[in-house]
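Commentary on secondary and tertiary structure
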Amino acid sequence: MTRTRISTFTVDLAATFALAMVVFGPMTGLQLNGFSFIANWQRPLVLAVVVTLGRLAFKLAWGSEWGQRWMARKQGKALDTPKAIGRRNQLWMVALGFVLTIAPFAFEANSYLTKAVILALIYVLLGLGLNIVVGLAGLLDLGYVAFYAVGAYFLALGYQYWGIGFWTALVLSPILAAALGGLLAFPVLRTHGDYLAIVTLGFGEIIRLILTNWVDFTGGPNGASAPGPTFFGMEFSRIAKYGGTPFHEAIGQPYNPNMKFLFLYVVLLVVVGLMVFVVDRLRKMPMGRAWEALREDEIACRSLGINHIAVKLSAFMMGAMTGGIAGVFFASYQGFVNPTSFTFFESALILAILVLGGLGSITGVIIAAFVLTLVPELLRDFADYRILVFGLLMILMMIWRPRGLISAKRPIIELSGS
Amino acid sequence: MDMHILLQQLVNGLVLGALYGLIAVGYTMVYGVLGMINFAHGEVYMISAYATGIALGVLSFLGVHSVVPLLLLTVVCVVVVTGTYGWVIERVAYRPLRGAPKLSLLISAIGVSLFLQAYVQLSQGPNPQGIQPVLPGAFRLVLGAGEDNFVQVTYAQSLIVVFALVSMAFLSWVIGHTSMGRACRATQQDPRMATLLGINTDRVISTVFVIGAVMASIAGVLVTINYGSFDFSIGFVVGVKAFTAAVLGGIGSLPGALVGGLLLGLLESVFSGYVSSDYKDVFAFTVLIMVLVFRPSGLFGKPAVEKV
């Protein structure tokens, strides 16, 4: 290394350190406390040193011969044609499904784990739905949580006003959510790209604000209660509220509050399995191929005679439908809904699942949903840093692995920017 | 409805609109040069509100108590810190994605937004923070007889309007009459051609991000002085509304940002005064959707032609 190179290196590192101090210094070093502040100089110093060392390591690795070779290899790899779906992949799915089926029964006493897994499966469902809209059709929907809210509130309010139960809601809510999706799609699909993202964000927020402010109908910020699932009319509560025998008496077992969650888990697993099957098949059907083609090049598709409105509408409605189903499960699982569960953050979380798993990849979405929901549950200390890490992951994934950790195994070429 | 209430709502609307206009500058200029929505811009505004609180705390700790130096020093500190944030965000999250699909840029921007919110929440605590009133007092314009027949403009509100107009005028001068401004306009028209003509477009883009952050930070200082409290989640709604203002005035246009901001501020304030203040955000989002769907080039722009 020549002397000039070393000196520019030092200047670069000093500048990095100074910048990091300006960025971290006031924000992390001076914590507001009433009208005064608490000084804490260790935090920004540690952060700045970490950033500077990171930059040093980065520069050394990239500047060295080894780093250059690695970069070249990586670029060569990116040009490889992705392989087509194989049998191995489907075997994986079956194995995963089997493990998931027996897992909670092995931990029957552990209701905490069952609940965590139910939540993860709900996110798998949401991820699969959003995957159709964003991953396959390439429409960045930032208001996806609206359909989730519609499903959840349909169960809660339908129960409150018309006495609708879990199963009725499970059948009707996808229809309702898809209808709403179709209705919203007409204005949404007039826009493109970033504008489409912002319009959907606007719709999502409007629905949340209406749920918050229309207190007479929705219960406002206090929310509304939702019924649990039933098994052929038998309830999972200690005493049947609406006559009949509760489930535990019918099978002659002592009452176990965990039973409701186990049942919900089984139903959810069946629905998720069905959904995986449907999405996997759809991708191979003309409709799914049209989604992906339209994502790659809209103008080419239109000139080849694909009805772009119908294709986008079908993707939007399929996504909405899945969101509606997930909403019913969420409401029934929680026994209660309120608008704080349906903020923009929730949409961003589902998007993070997609991005981490790889846009368009079913296996990736399933694994990412489990990782992103179970890891914060199991590592409680980590939970505070959850959102920080999600944000960081979204940036890093876009820079280094825009196709996700497990990229879709189809001849997919990167989304083309115009 | 009484005259003085309408006038008061119009005054409040103008003040609100001036703030939206200041923040909209960041959206409109970044969209001009990169063609992306800088989703994290609202978070930059939020950071500047915290920086204001911290700067005021430190300055009063150091013994600066008279109003004028306190305000000026606060503005300088906040502008420096927030401008650095703008530069760093572009350098870390957007520059590596130059040439990547726009979807990637937007997802990265959402990542930045989540990260900054969590970062401020973790380092400053989740509770709302406040500052002591810096500029108490108000002008009163008595309209006639009666107990409450007057229009009131607080000193902080008049400061907002003055600052907004001065900084917008200064920015227009910079863009219109300096070589840096000319480079910005050239990059906005055609980035590739600008590069061929020897303009360092990366530097222009960095500058645009810093300008956007500086304008948002001025808005942040003014809002904090006017309202006195803030928390880590204030950036989102304000960001979306400022973006609405930018689209309303025609995205990419600097005067459009101010006009759009003022228009949105007035509409929102009249709506919340006469119809419902609970639904004022719903109203703003509806305006946003209507404009994006029916007039995506803004109220005054020409409709864009789709080129193949």
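Residues numbered from 1 in each chain as written. Chains lettered and ligands numbered in written order. Predicted model: local features only at pLDDT ≥ 70, side-chain atom pairs only at ≥ 80, totals over all residues.

Re the overall build of chain B
When helices and strands are tallied, chain B shows 11 helices and four strands. Computed over the C-alpha atoms, the radius of gyration of chain B is 20 Å, within 12% of the 19 Å expected from 2.2 N^0.38 for a compact globule of 308 residues. Burial statistics for chain B: of 308 residues in total, 52% are counted as buried. Within chain B, contacts between residues at least 6 apart in sequence are counted, and of these 75% link residues at least 24 apart. (Helix = DSSP H or I, 4+ residues; strand = E, 2+ residues; numbered from the N terminus. Rg over C-alpha atoms; globule rule 2.2 N^0.38 Å. Buried ≥ 20, exposed ≤ 12 C-beta atoms within 10 Å, placed from the backbone. Contact = placed C-beta atoms within 7 Å.)

A look at the overall build of chain A
Scanning chain A from N- to C-terminus turns up 17 helices and six strands. The buried share of chain A, taken over its 418 residues, is 42%. Within chain A, contacts between residues separated by at least 24 positions form 74% of all contacts whose residues are at least 6 apart in sequence.

Observations regarding the environment of Ile164(A)
Residues and elements named next belong to chain A. Checked against the element boundaries, Ile 164 lands in the loop between helix H6 (145-162) and helix H7 (166-188). Since 18 C-beta atoms lie within 10 Å of it, Ile 164 is described here as partly exposed. Considering only alpha carbons, one finds Ile 164 and Asp 12, 152 residues apart in sequence, at a separation of 65 Å. Beyond its immediate stretch of four places on either side in the chain, Ile 164 contacts Gly 158, Tyr 159 and Ala 169.

Overview of the nonpolar core
In terms of nonpolar packing, the biggest core is built from 220 residues, with Ile353(A), Leu19(B), Ile23(B) and Leu106(B) touching the most fellow members. Counting residues per element, this core draws most heavily on helix H1 (residues 3-34) of chain B, at 17 residues. Residue-level mapping places this core at the junction of two domains, with at least three residues from each of domain 1 (3-69) and domain 2 (87-400) of chain A. With sequence-adjacent residues up to four places away left out, Leu19(B) is seen in contact with Ile160(B), Ala219(B), Leu222(B) and Val223(B). (Core = buried A, V, L, I, M, F, W, Y, C linked by C-beta atoms within 7 Å. Domains from an automatic or database assignment.)

Regarding the interface of chain B and chain A
On the side of chain A, 49 residues touch chain B, which itself brings 53 residues to the contact. Those elements that place two or more of their residues in the side of chain B that touches chain A are helix H2 (41-61), helix H3 (67-94), helix H4 (102-124), helix H9 (235-248) and helix H11 (280-294) of chain B. Ranked by residue count, the leading element in the side of chain B that touches chain A is H4(B), at 18 residues. Taken together, the residues that form the side of chain B that touches chain A break down as 37 nonpolar, 13 polar and three charged. (Nonpolar A, V, L, I, M, F, W, Y, C, P; charged D, E, K, R; others polar.)

Points about the pairing of strand S1 (residues 30-33) of chain A
Residues and elements named next belong to chain A. Across the two faces of S1 the burial differs, with Leu 30 and Leu 32 buried and Gln 31 and Asn 33 not buried at all. Taken together, the four bridges between S1 and strand S2 (residues 36-39) define a ladder with antiparallel strand orientation. Across the sheet, residue Asn 33 finds its bridge partner in S2, namely Ser 36. Adjacent in sequence and paired antiparallel, S1 and S2 are bridged by two residues, among which Gly 34 carries a positive phi angle near 65°. (Pairing = 2+ DSSP bridges.)

Details of the packing of H6(A) against helix H14 (residues 308-334) of chain A
Residue and element names in this part refer to chain A. H14 packs onto H6 with a crossing angle of 45° between their chain directions and a minimal axis gap of 6 Å. With respect to H14, the axis of H6 lies oblique. Note on packing geometry: the crossing formed by H6 with H14 is right-handed. Between H6 and H14, the contacting residues are Phe 147, Tyr 148, Ala 149, Val 150, Gly 151, Ala 152, Leu 155 and Ala 156 on the first element and Ala 320, Gly 323, Gly 324, Ile 325, Ala 326, Gly 327, Val 328, Phe 330, Ala 331 and Ser 332 on the second. Grouping the amino acids of the contact of H6 with H14 by side-chain chemistry returns 13 nonpolar, five polar and no charged. (Axes fitted to C-alpha atoms, helices over the stretch in contact; angles between N-to-C directions. Parallel < 35°, antiparallel > 145°, perpendicular 65-115°, else oblique. Left-handed = near helix turned anticlockwise from the far one by under 90°.)

With respect to H6(A)
Residues and elements named next belong to chain A. With 18 residues, H6 should cover 26 Å at 1.5 Å per step; its first-to-last C-alpha distance of 24 Å lies within 8% of that length. Along H6, 15 of the 18 residues are buried, which leaves the element largely enclosed by surrounding structure. Among the residues trailing H6, Gly 163 stands out with phi positive, at a value near 70°. (Expected span 1.5 Å × (residues − 1).)

Describing the confidence of the model for chain B
Detailed reading of the predicted coordinates is not advisable wherever pLDDT is low. Mean pLDDT over chain B stands at 85; residues scoring 70 or higher make up 96%. Of the two predicted TM-score estimates for the complex, the pTM is 0.85 and the ipTM is 0.84. (pLDDT = per-residue confidence, 0-100.)

Thoughts on the environment of Val67(B)
Residue and element names in this part refer to chain B. As for its placement among the helices and strands, Val 67 is situated in helix H3. Judged by the 12 C-beta atoms lying within 10 Å of it, Val 67 is exposed. With 68 residues separating them in the primary sequence, Val 67 and Leu 135 have C-alpha atoms 7.5 Å apart. What Val 67 contacts, discounting residues up to four positions off in sequence, is Val 134 and Leu 135.

Some details on the packing of H9(B) against H11(B)
Residues and elements named next belong to chain B. Following both chains from N to C, one finds H9 and H11 inclined at 35°, their axes separated by 10 Å at the closest point. Handedness of the crossing formed by H9 with H11: left-handed. Contact residues: H9 offers Val 237, Val 240, Lys 241, Thr 244, Val 247 and Leu 248, while H11 offers Asp 281, Ala 284, Val 287, Leu 288, Val 291 and Leu 292. Its residues placed into classes, the contact of H9 with H11 shows nine nonpolar, one polar and two charged.

Regarding the confidence of the model for chain A
All names here are of chain A. Scored by pLDDT, chain A comes out at a mean of 79, with 79% of its residues at no less than 70. Element-level mean pLDDT values for chain A span from 63 in helix H4 (residues 87-106) up to 90 in H14. Here residues 78-87 is modelled with pLDDT under 50, and outside its nearest four sequence neighbours on either side it reaches 12 contacts, counting other chains as well.

Overview of the environment of Trp87(B)
Residues and elements named next belong to chain B. Turning to its location among the elements, Trp 87 is positioned in helix H3. We classify Trp 87 as partly exposed; it has 18 C-beta atoms within 10 Å. With 124 residues separating them in the primary sequence, Trp 87 and Ile 211 have C-alpha atoms 9.3 Å apart. Residues within four places of Trp 87 in sequence aside, it is in contact with Ser 206, Phe 209 and Val 210.

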